[in-house]
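Examining the three-dimensional arrangement
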Amino acid sequence: MNIKSKSFPGSIRAIATSDEKSTRVKAVVSVKVIAGGLLSGLGLAGGLDKITDLFGKSLLLELVSAELDPKTELEKENIKGYARKVSQDDDEVKYESDFEVGADFGEIGAVLVENEHHKEMHLKTITLEGLLNGNLIINCNSWVSPKSEENVEKRVFFTDKSYLPFQTPNGLRRLREKELAILQGNGQGERKSSDRIYDYDVYNDLGDPDSSSALKRPVLGGKQHPYPRHPMSETRSSDVYVPRDEAFSTVKSVTFSVNTVSSVLHALVPSLETAIIDSDLGFPYFTKIDSLFNEGVNLPPLSNKYGLLRNLLPRLVKFINDTKEDLLRFETPAIIERDKFSWFRDAEFSRQTLAGLNPCSIQLVTEWPLKSKLDPKVYGNPNSLITEEIVECEIKGFMTLQEALKRKKLFILDYHDLLLPYVKKVREVEGTTLYGSRTLFFLTDEGTLRPLAIELTRPPMDRKPQWRQVFTPTWNATGCWLWRLAKAHVLAHDSGYHQLVSHWLRTHCATEPYIIAANRQLSVIHPIFRLMHPHFRYTMEINALAREALINASGIIETSFSPAKGMAVEDPTAPHGLKLTIEDYPYANDGLMLWDAIKQWVTDYVKHYYPDSALVQSDKELQAWWTEIRTIGHADKKDEPWWPKLKTVEDLIGILTTMIWVASGHHSAVNFGQYDFAGYFPNRPTIARTNMPTEDPNDEEMKFFLAKPEVVLLKCFPSQIQATKVMAVLDILSTHSPEEEYIGAAIEGVWADNPFIKAAFERFSGKLKVLEGVIDARNANRNLNNRSGAGVVPYELLKPFSVPGVTSMGVPNSISI
């Protein structure tokens, strides 16, 4: 809840009349019109609510004093009044109420609201006019359930002052504790859609065993593996509970977000499956891939229910008048709009490990030989086949292997140990395959990476011994095509890791327990809740939607994907205290500047409320929040030594900076470039469907490969249905909403009247504007080969601001898509 006063800070008191006994205060309540909700006039409840408005008893408001009665030392009696409807337009309804406020009432600390309608209503603001210090605007932005619903409590909306627990005015202490108890719930019963309760649960909605035993999936969570990790039973539902105020439609444009994403998943994807009947059908030639951007895919006519899809996705879905059909035509992704053949080159393959969708997996090689930690009895020889001789052959003329190690010139994408245990299971799924992989790179003097070797490994399985082979760039035709195929497999591994770990796990999943704990343990008037709230908005809703149709059994990820240390060292003389191992590392360079700006903003904010560490240690709400995150949100990891302590101001700054970075910068870096980098799927295939031709080949397969190597590569790529489904989803996930809220762009109302916080935020915003210019300058610098050059897509994912659409730039406050 954001609050803004139009004058200066200080106590909010009623204006006394000439006799110093009372004054008249007007409350103006603004209610958002929601299609199908309150004021839509639909059904019996809509008619009853109109009658309620007619009689002027729409809302019961109560002004709450922040002070106790000095005589009784009890809470002062609230001043009550009904609000009457005074106006309505397309977007907003206004109600007004007048109060006579006694001179001894003191500072107004909160307003209680009771909804007398038969439907919920979405309160935007409550404005109190006639106060000594000017008008007081309370930004509610919250649903208020009708009084008629079972066990509905009066809603409390506090004013703009933030208080640590011990600072809470005596008249508000009981309300502060009661509101937290309501949000925590009692852990009993089944949640209703109107509930505001935040609690922990397992992800038990991924599978659908009632439809088919093949769709049975483990539950993520439980006592042994708390939220959101591993198994038990499952329940499938299209109506997943999230606390009422987490719903998209309350704050984001109904023409985007939920309706758009849901329409793609529930209308467009099934329509594609109807249009492309053969699920195994691949692309017969590369020009067929190009046709997705030129001619498009004809879709059967969309039903009336989803006819809105053409309006929601006008860039993608067109209506063809003469055939009565719809056409899905994709926009040309930036990667091939700038250079159609960039995906084919080793330089681009390497560059994207530093400036692409997954710039977090590249690691420095510090030891040789490359070894595995897996059991050799189960997985075969653990040591890599990439030998010293192979490396020195590839870097001949530059240096020896040992010199390369000493000078920090060797880097690796290592998916060997991670993927090898899953190879057998994945290969049991028809139409897909998997290897463990290692990809070795050399850092040139130009600051670019050059791929040296790819090792693909299949463990012993199906009575066959371990198979593995090293592929290197070469000049002969057969070796060139094998190298291209090996790269396709590595890219599929990197795509799966990016989507499930770098993106889903490290941002969406990691943030949700922080949100739940914050709402359960930090009062809405706690300064840390108000700092973090902008970075927690909408995440629970988008996660529920993802579980429903993206990461669920037979969902987009399952059917279309195959499932870093050493990149910097501490250096007090370097900017941000870190020296990058690869100097031209776009994600790290821009990310460090953003991190530094966030950390300074958090430092200024935290030190304003916690001038010394004793206040951190004694803050019972703050300590309860951090304890719950560790012991309940991650109960199976609660004793891990890597958990930060929360004892000092610096501890708190570090924890909050990390959380904000993950929800803003890190998520933006791995999300908003998805369509531009992966929309042309040969650049980042999400799945590899066929084995390497050299793995247990027969004469016929090898003959076909030698005659038609391009066809073999196309068969390895995703099928037509896999590719088009992923492309449609990536287009939506990469799109910025018209109502997106960007980091540092607009100050929250709760801070606007605090001069110190306002000044700190303005400094923060100023730093982000500087970052915009720095990124532009870096992208124009021809000496930075990883972000500049002929046909190179500039790295703009961490530019703080964006316009709506697919722009590959912009850092929203929170994980909202």
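If you're wondering where the values come from, they're calculated on a predicted model, not measured in any experiment. (Residues numbered from 1 in each chain as written. Predicted model: local features only at pLDDT ≥ 70, side-chain atom pairs only at ≥ 80, totals over all residues. Heavy atoms only, no water.)

What follows deals with the packing of helix α22 (residues 699-707) against helix α23 (residues 709-716). Two elements in contact, α22 and α23, have axes separated by 5 Å at closest approach and are oriented at 110°. As the angle between them shows, α22 and α23 are arranged roughly perpendicular. Contacts between α22 and α23 involve F704, F705, L706 and A707 from the former and P709, V711, V712 and K715 from the latter. Partitioned by chemical class, the residues of the contact of α22 with α23 number seven nonpolar, no polar and one charged. (Axes fitted to C-alpha atoms, helices over the stretch in contact; angles between N-to-C directions. Helix = DSSP H or I, 4+ residues; strand = E, 2+ residues; numbered from the N terminus. Parallel < 35°, antiparallel > 145°, perpendicular 65-115°, else oblique. Contact = heavy atoms within 4.5 Å. Nonpolar A, V, L, I, M, F, W, Y, C, P; charged D, E, K, R; others polar.)

Where charged atoms from two side chains of opposite charge come close, those side chains can pair. Evaluation of the coordinates by the stated rule reveals 40 salt bridges. Between E348 and R351 there is a salt bridge, with the nearest N and O atoms lying 3.0 Å from each other. Of this pair, E348 and R351 both sit in helix α7 (residues 346-355), three residues apart, which is roughly one turn of that helix. Relative accessible area serves as the criterion here: at 6%, E348 is assigned to the buried category. According to the relative accessible area criterion, R351 is buried, its value standing at 4%. D590 is the partner of R778 in a salt bridge, and the nearest nitrogen-oxygen pair spans 2.7 Å. Separated by 188 residues along the polypeptide, R778 in helix α25 (residues 755-780) and D590 in helix α17 (residues 586-609) bring together distant segments of the chain. The two residues R778 and D590 agree in class, both being buried. (Salt bridge = Lys/Arg side-chain N within 4 Å of Asp/Glu carboxyl O. Buried < 20%, exposed > 50% of the residue type's maximum accessible area, 1.4 Å probe, protein only.)

Our focus in this paragraph is the pairing of strand β9 (residues 155-158). Residue alternation in β9 divides its side chains into two sets, R155 and F157 and V156 and F158, and both sets are buried. Here four bridges tie strand β6 (residues 108-115) to β9, and the two strands are oriented antiparallel to one another. Following the sheet pairing, V113 is matched in β9 by R155. (Pairing = 2+ DSSP bridges.)

In this structure, S162 sits in the loop between β9 and α2 (173-184). Judged by relative accessible area, which is 14%, S162 ranks as buried. Polar side-chain contacts of S162 include one of 3.1 Å to the side chain of R530. With sequence-adjacent residues up to four places away left out, S162 is seen in contact with I525, P527, R530 and Y609. (Polar contact = N/O pair within 3.5 Å; in protein donor to acceptor, adjacent residues only side chain to side chain.)

Here we come to the nonpolar core. W601, Y610 and W625 are the most contacted members of the largest nonpolar core, which has 159 residues in total. Sorting elements by how many residues they give to this core places helix α13 (residues 477-521) first, with 16 residues. Once residues lying within four places of it in the same chain are set aside, the contact partners of Y610 are L164, H526, I528, L615, V616, D619, L622, V649 and L652. Within the second largest apolar cluster, 27 residues are counted, among which are V25, A83, M121 and I126. (Core = buried A, V, L, I, M, F, W, Y, C linked by side-chain atoms within 4.5 Å.)

Taking 1.5 Å as the rise per residue, α25 with 26 residues should run 38 Å; its terminal C-alpha atoms sit 38 Å apart, in good agreement. Contacts from the buried residues of α25 go to α17. Where α25 starts, the residue carrying a side-chain oxygen 3.1 Å from the main-chain nitrogen of F756 turns out to be N754. (Expected span 1.5 Å × (residues − 1).)

Glancing now at the packing of aromatic side chains. Taken as a whole and judged by the stated rule, the model has 26 aromatic pairs. A centroid spacing of 6.4 Å and a plane angle of 70° characterise the contact between W595 and W661, whose relative ring orientation is edge-to-face. Here the residue W595 occupies a position in helix α17, and W661 occupies one in helix α20 (residues 649-671), the gap between them amounting to 66 residues. Put simply, the rings of F283, F286, F293, W343, F344, W481, Y680, F681 and F717 pair up and form one aromatic cluster. Between R427 and the ring centre of Y435, over which it is positioned, the NZ or CZ distance is 4.8 Å. A cation sits over an aromatic face here: R484 above W481, 4.7 Å from the ring centre. (Phe/Tyr/Trp six-rings, centres within 6.5 Å; stacked < 30°, edge-to-face > 60°. Lys NZ or Arg CZ within 6 Å of the ring centre and 35° of its normal.)

Quick look at the sheet that holds strand β16 (residues 449-458) now. Ordered by their spatial adjacency, five strands build an open sheet running β13-β14-β15-β16-β17, and the pairing between neighbours is antiparallel. A single partner strand is all that each edge strand has here, and the edge strands are β13 (363-364) and β17 (467-471). The pairing of β16 with β17 spans five bridges and is classified as antiparallel. Looking at the pairing, T457 lines up with R468 of β17. Most of the contacts of α7 go to β16, to which it runs at about 85°, and overall it touches β14 (410-414), β15 (436-443) and β16. Its contacts with the sheet place α13 against β14, β15, β16 and β17, and it is angled at close to 80° to β16.

With respect to the secondary-structure elements, N186 resides in the loop between α2 and α3 (257-275). Residues N186 and D199, 13 residues apart in the sequence, show an inter-C-alpha distance of 9.2 Å.

Right, let's talk about the environment of Y742 for a bit. Looking at the secondary structure, you find Y742 in the loop between β20 (735-736) and α25. Placed 78 residues apart in sequence, Y742 and S664 show a C-alpha to C-alpha distance of 8.7 Å. Dropping the residues within four chain positions of it, Y742 is found in contact with H736, P800, F801, S802, V803, G810, V811, P812 and N813. Here H736 takes part through its side chain, which lies 3.2 Å from a polar atom of the side chain of Y742.

Let's shift gears to the confidence of the model for the protein. Of all residues in the protein, 82% attain a pLDDT of 70 or more, and the chain-wide mean is 84. With pLDDT under 50 throughout, residues 225-238 is counted as low confidence; its partners more than four residues away or in other chains account for 58 contacts. Within the model, pLDDT remains below 50 along residues 549-554, and this stretch shows 29 contacts once partners closer than five positions in the same chain are excluded. (pLDDT = per-residue confidence, 0-100.)

On to the pairing of strand β5 (residues 92-102), then. With eleven bridges connecting them, strand β2 (residues 22-32) and β5 associate as antiparallel partners. From the neighbouring strand, T23 faces β5, where its bridge partner is V101. When strand β4 (residues 79-88) meets β5, the two strands line up antiparallel, connected through four bridges. When the bridges of β5 are listed, R84 appears paired with E96. From the end of β4 to the start of β5, which pair antiparallel, there are three residues.

Turning to the side chain of H493, a few remarks are in order. For H493, the position within the fold is in helix α13. Within the structure, H493 has its side chain in polar contact with the side chain of S437 (distance 2.8 Å). Here H493 is in contact with Y415, L419, L434, Y435, S437 and L456, once residues within four sequence places are set aside.

Now for α13. In this model α13 runs 64 Å from its N-terminal to its C-terminal C-alpha over 45 residues, within 8% of the 66 Å that 1.5 Å per residue would give. Along its length, α13 reaches its greatest deviation from straightness, about 50°, at W504. Judged by how many residues are buried, α13 sits mostly within the fold: 37 of 45 residues are covered. N-cap assignment for α13: the residue whose side-chain oxygen lies 3.3 Å from the backbone N of T478 is N476. (Bend = angle between axes of the 7 residues up to and from the residue.)

Across the junction of W368 and P369, the peptide omega takes the value 5°, indicating a cis bond. Relative to the helices and strands, P369 resides in the loop between β13 and α8 (376-379). The phi dihedral of N141 is positive, around 45°, even though this residue is not glycine. Examined against the element boundaries, N141 turns out to sit in strand β8 (residues 136-144). Judged by its relative accessible area of 39%, N141 falls in the partly exposed class. Of note, K408 is a non-glycine position whose phi angle comes to about 55°, a positive value.

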